[in-house]
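Examination of the molecular architecture
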Amino acid sequence: MRAAYYESKGPAARVLRLGELPRPTVGPGDVLVRVHASGVNPSDVKKRLGAMPAPADFSLIVPHSDGAGVIEAVGAAVDSARVGERVWLWNAQWQRPYGTAAAYCALPAEQAVRLPDLTSFAEGACLGIPAQTAWVAVMDGRPGPGKTVLVQGGAGAVGALAIAIARDAGAEVIATVSSAEKARIARLAGAGETLNYREDDIADAVLTATGGKGVDHVVDVDFGANWQVNARVLARNGSIAAYSAPSRPCFELDYYAFAAKAARLRFVQVYLLIEGERRRAVEGVTALAARAKLPIRVAGRFALEEIVAAHEAQESGARIGNIIVEMTGGGDADT
């Protein structure tokens, strides 16, 4: 089968290769999926660079944990009626060497989830890491009517989804952005108010917008950069769900700034969800996708032969939305 792979860590142009690999073996509880679309996420880039701790080291890695396609074969313990089913995939390259950047992917049957009829393969390839991260980060704060959620980074792949999920749950949403275009994206996702962190005093603006009460929950894309603002704007007994800290991963924080609010802090790592939370996240994002409630923005489409460009596009951070590799597509078109 045609696949992208790397055998050493490093820059995309130096280590990523295209070639023919054996089709994956289907175990008793596995399904074999013909991949139509593969999601390129920041964690895929970090693993390829060697910047993200890996629980297992393999001599050859086919990257990408997210994808979508059609089941072509099943193992002996899997219902044969699943053959032909459209599915989205999660954790395909977690503690396993072969991910979704290939014509075929074999993985445990529960990690191939029925894709709603009106959800495209490209959209399905965004449900694994971005949508589940957003779902857990929002729902951990128990949103609902009368609650206010602050989404730090509201135009990103996770941020826009977090806005939509919080609004669907009945919460009011304030989002931070860095440009007028990103403010437009956040508002389309459902944000009632957007604040430009390059121009506004975010803490003062949030407290003004909430009548001094503060927010009940924060979803944060860059906890190291935002912790002081979060501490100021968080209401008593509020919560924070942080899913990354790209600009400042190591820092010192003020314990009492959070203790004085009786704050609850959650670090969201979508690879490591426990069984019940995983089930709820999978069911939650699938149901929202079926209702067309997830504002998935595909910012770049690449053919498998353009795998290096796809990784470089993700690594640059210049695209607003998700990066997709399509097995049967080509070119690089914004949508």
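The sections below set out a description of the structure shown in this document. By convention here, each chain's residues receive numbers from 1 onward along its written sequence. The model is predicted, so local features are restricted to residues of pLDDT at least 70 and side-chain atom pairs to those at 80 or more, both for listing and for counting; the totals for chains, interfaces and linings are taken over all residues. Think of the side-chain values as coming from all heavy atoms in the structure, minus any hydrogens and water.

1. Quick word on the packing of aromatic side chains
Short version of the rule: Think of it this way: a Phe, Tyr or Trp ring, Trp meaning its six-membered ring, pairs with another when their centres are within 6.5 Å, and the plane angle makes it stacked under 30 degrees, edge-to-face over 60, tilted otherwise. Helical segments are the DSSP runs of H or I of at least four residues, strand segments are the runs of E of at least two, and each set is numbered from the N terminus. Buried residues are those whose accessible area, probed at 1.4 Å on protein chains only, stays under 20% of the maximum for their type, while exposed residues exceed 50% and partly exposed ones sit between those limits. Whether a charge sits over a ring comes down to the Lys NZ or Arg CZ being within 6 Å of the ring centre and within 35 degrees of the ring normal.
Counted according to the given criterion, the structure contains six aromatic pairs. Ring centres of W94 and Y271 lie 4.7 Å apart, and the angle between their planes is 15°; this geometry places the pair in the stacked category. In this pair, W94 is assigned in the loop between β5 (86–89) and β6 (104–108) and Y271 in the loop between β13 (264–267) and α10 (275–290), connecting sequence segments 177 residues apart. In terms of burial, W94 and Y271 fall into one category: buried. Ring geometry for F223 versus F251: centroids 5.7 Å apart, planes at 65°, classification edge-to-face. Of the two residues, F223 sits in helix α8 (residues 223–233) while F251 sits in the loop between β12 (234–242) and α9 (255–259), which places them 28 residues apart along the sequence. A connected cluster of aromatic rings, assembled from ring pairs, spans F223, W227, F251, F258 and F267. One Lys or Arg, R23, reaches over the ring of Y104 and ends 4.0 Å from the middle of that ring. Positioned over the ring face of F121 is R86, at 4.7 Å from the centre of the ring.

2. Some remarks on the side chain of Q111
Short version of the rule: Polar contact criterion, stated in full: a pair of N or O atoms within 3.5 Å, where within protein one must be able to donate a hydrogen and the other to accept it, and residues adjacent in sequence count only if both atoms are side-chain atoms. Only heavy atoms enter the contact rule, under which two residues are in contact if any of them lie within 4.5 Å.
Relative to the helices and strands, Q111 resides in the loop between β6 and β7 (112–114). The class for Q111 is buried, based on a relative accessible area of 11%. Looking at Q111, its side chain comes within polar contact range of the main-chain oxygen of N91, at 3.2 Å. Not counting residues up to four positions away in its chain, the partners in contact with Q111 are W88, L89, W90, N91 and A92.

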